[in-house]
Amino acid sequence: MKNLKSKLVLFIILMLFWLLWNNTWDVEIWLYGLVPVLIVIAIFGNTANIFRGVKLTPKGFVYSLYYILYFTWALIKSNIDVMLRVINPKLPIRPGIIKVKTELKSPMARLILANSITLTPGTFIVDIKEEYLYVHWIDVCCEGDPEKPTKLIAEGFENILKNIYE
Amino acid sequence: MEYLELIGAIMVLLGAVVLLLAGIGLLRMPDSYNRIQVGTKASTGGVALILLGMALIIPSWFGKLFTILIFVMLTNPISSHVLMRAAHKAGHPMTDKTVVDALKKDEEDQKNKDNGTV
């Protein structure tokens, strides 16, 4: 059977949502959920290849949890950062669009990286072209040094995502 | 149980404050790009705080509220990204404080290259 991994990941995600919605440990309810989930997988399983790069190993699982924690911390930092900028009477911003190189290939990993960068302090994805991300940065630093922004913005997320996606 | 409710109420209040600051930020920022930045981050954080606070007040809603939170976190950056990209493609002017615009430069380079080869 082709695309088995995508189907498995899709199955896990759909079942997780079913459990969250019903909020119960009743096995009967789980079995009811199994029917629509299997129908959805039968229809969309072959075309949903977005999960094909996921590594289904214990290491990938542990890094996924670590990623969620890392991302939550970045989100909290970003909110405090934005609030401080907004209430500061001087409005300390130096906006600009810069280029950041990424090494990730899998489409899902890139989507997660772009979403994460958007939700972290002062950075926002404007466009993706081939291997470059164009990032709108609210407080541009270190001009003339193309390596440093990549380190500051993307590297933390990339290093974790490399362990989850191929 | 009452402690949970108190913590939940404080979280909802904090979320409301974050959203209020996002509104002030929308008024204070000089151009649409910075407005989108502030709006996206603060609204995601504020909604997250409010939903988690509600989940603490009424624990049986946790699953549904958490699902809403996941969808907000996945879709909010994407929609804002599309808005910002559209603004940039339409040539919306950036504020005078802007330091560098690599995307515009690259697009112009590409255009010059295409014109040169044709």
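Keep in mind that this is a model prediction, so the values were computed, not measured. (Residues numbered from 1 in each chain as written. Chains lettered and ligands numbered in written order. Predicted model: local features only at pLDDT ≥ 70, side-chain atom pairs only at ≥ 80, totals over all residues. Heavy atoms only, no water.)

A.B. asks: Honestly, the overall build of chain A in this entry has me stumped. Any pointers?
C.D. replies: Looking only at helices and strands, chain A features 5 helices and 3 strands. Secondary structure elements in chain A, listed N-terminal to C-terminal, are α-α-α-β-α-β-β-α. In terms of overall dimensions, chain A is more spread out than a globule: its C-alpha atoms have a radius of gyration of 20 Å, far above the 15 Å expected for 166 residues. When the backbone C-alpha atoms are referred to their principal axes, chain A occupies close to 60 × 35 × 25 Å. Counting every position in chain A, which comprises 166 residues, the buried fraction comes to 41%. Counting contacts in chain A only where the partners sit at least 6 residues apart, residues at least 24 apart contribute 71% of the total. Of the roughly 9,300 Å² of accessible surface on chain A, 68% is carried by carbon and sulfur atoms. For chain A, the distance from the average position of its 18 positive side-chain charges to the average position of its 14 negative side-chain charges is 3 Å. (Helix = DSSP H or I, 4+ residues; strand = E, 2+ residues; numbered from the N terminus. Rg over C-alpha atoms; globule rule 2.2 N^0.38 Å. Buried < 20%, exposed > 50% of the residue type's maximum accessible area, 1.4 Å probe, protein only. Contact = heavy atoms within 4.5 Å. Areas by Shrake-Rupley, 256 points an atom, 1.4 Å probe, with all protein chains shown as cover. Lys, Arg positive; Asp, Glu negative; His and termini not counted. Charge placed at Lys NZ, Arg CZ, Asp CG, Glu CD.)

A.B. asks: How should the overall build of chain B be read in this particular structure?
C.D. replies: Helices and strands together make up the secondary structure of chain B, namely 4 helices and 0 strands. Going from the N terminus to the C terminus, chain B shows its helices and strands as α-α-α-α. Its C-alpha atoms give chain B a radius of gyration of 20 Å, more than 25% over the compact-globule value 13 Å for 118 residues. Across its three principal axes, chain B shows a C-alpha extent of roughly 70 × 30 × 15 Å. Out of the 118 residues in chain B, the part that is buried amounts to 36%. A fraction of 68% describes how many contacts in chain B between residues 6 or more apart in sequence connect residues 24 or more apart.

A.B. asks: Is there a simple way to think about the nonpolar core in this case?
C.D. replies: It is characteristic of soluble globular proteins that their nonpolar side chains tend to be buried jointly. Residues A:Ile117 and A:Val135 are the most contacted members of the largest nonpolar core, which totals 32 residues. Going through the elements one at a time, helix 1 (4–22), helix 2 (27–44), helix 3 (58–87), strand 1 (96–101), helix 4 (107–118), strand 3 (132–137) and helix 5 (147–164) of chain A are the ones with two or more residues in this core. Each of domain 1 (4–44) and domain 2 (67–164) of chain A gives at least three residues to this core. One finds A:Ile97, B:Tyr33, B:Ala87 and B:Leu103 within the second-largest nonpolar core, a separate group that totals 10 residues. (Core = buried A, V, L, I, M, F, W, Y, C linked by side-chain atoms within 4.5 Å. Domains from an automatic or database assignment.)

A.B. asks: Hey, could you run me through the environment of B:Trp61 in this one?
C.D. replies: Among the structural elements, B:Trp61 can be located in the loop between helix 2 (32–57) and helix 3 (62–89). Residue class for B:Trp61 comes out partly exposed when judged on its relative accessible area of 42%. Separated by 10 residues in sequence, B:Trp61 and B:Leu51 place their C-alpha atoms 9.8 Å apart. Those residues in contact with B:Trp61 that lie beyond four places of it in its chain are A:Asn23 and B:Met54.

A.B. asks: What exactly am I supposed to notice about the interface of chain A and chain B here?
C.D. replies: In many analyses, interface size is given as the accessible surface area lost on bringing the parts together. Residue-level contacts link 42 residues of chain A with 48 residues of chain B. A per-residue breakdown of the area chain A buries against chain B is headed by A:Val86, A:Ile97 and A:Phe124, which together make up 17% of the total. Here B:Arg85 and A:Asp127 are joined by a salt bridge, their closest N and O atoms 2.9 Å apart. At the junction of chain A and chain B, the tally comes to 9 residue pairs in polar contact (both at pLDDT 80 or more). Secondary structure elements with two or more residues in the side of chain A that touches chain B: helix 1, helix 3, strand 1, helix 4, strand 2 (123–129) and strand 3 of chain A. For the side of chain A that touches chain B, the leading source of residues is helix 3 of chain A, giving 8 residues. (Buried area = accessible area lost by both parts, 1.4 Å probe. Salt bridge = Lys/Arg side-chain N within 4 Å of Asp/Glu carboxyl O. Polar contact = N/O pair within 3.5 Å; in protein donor to acceptor, adjacent residues only side chain to side chain.)

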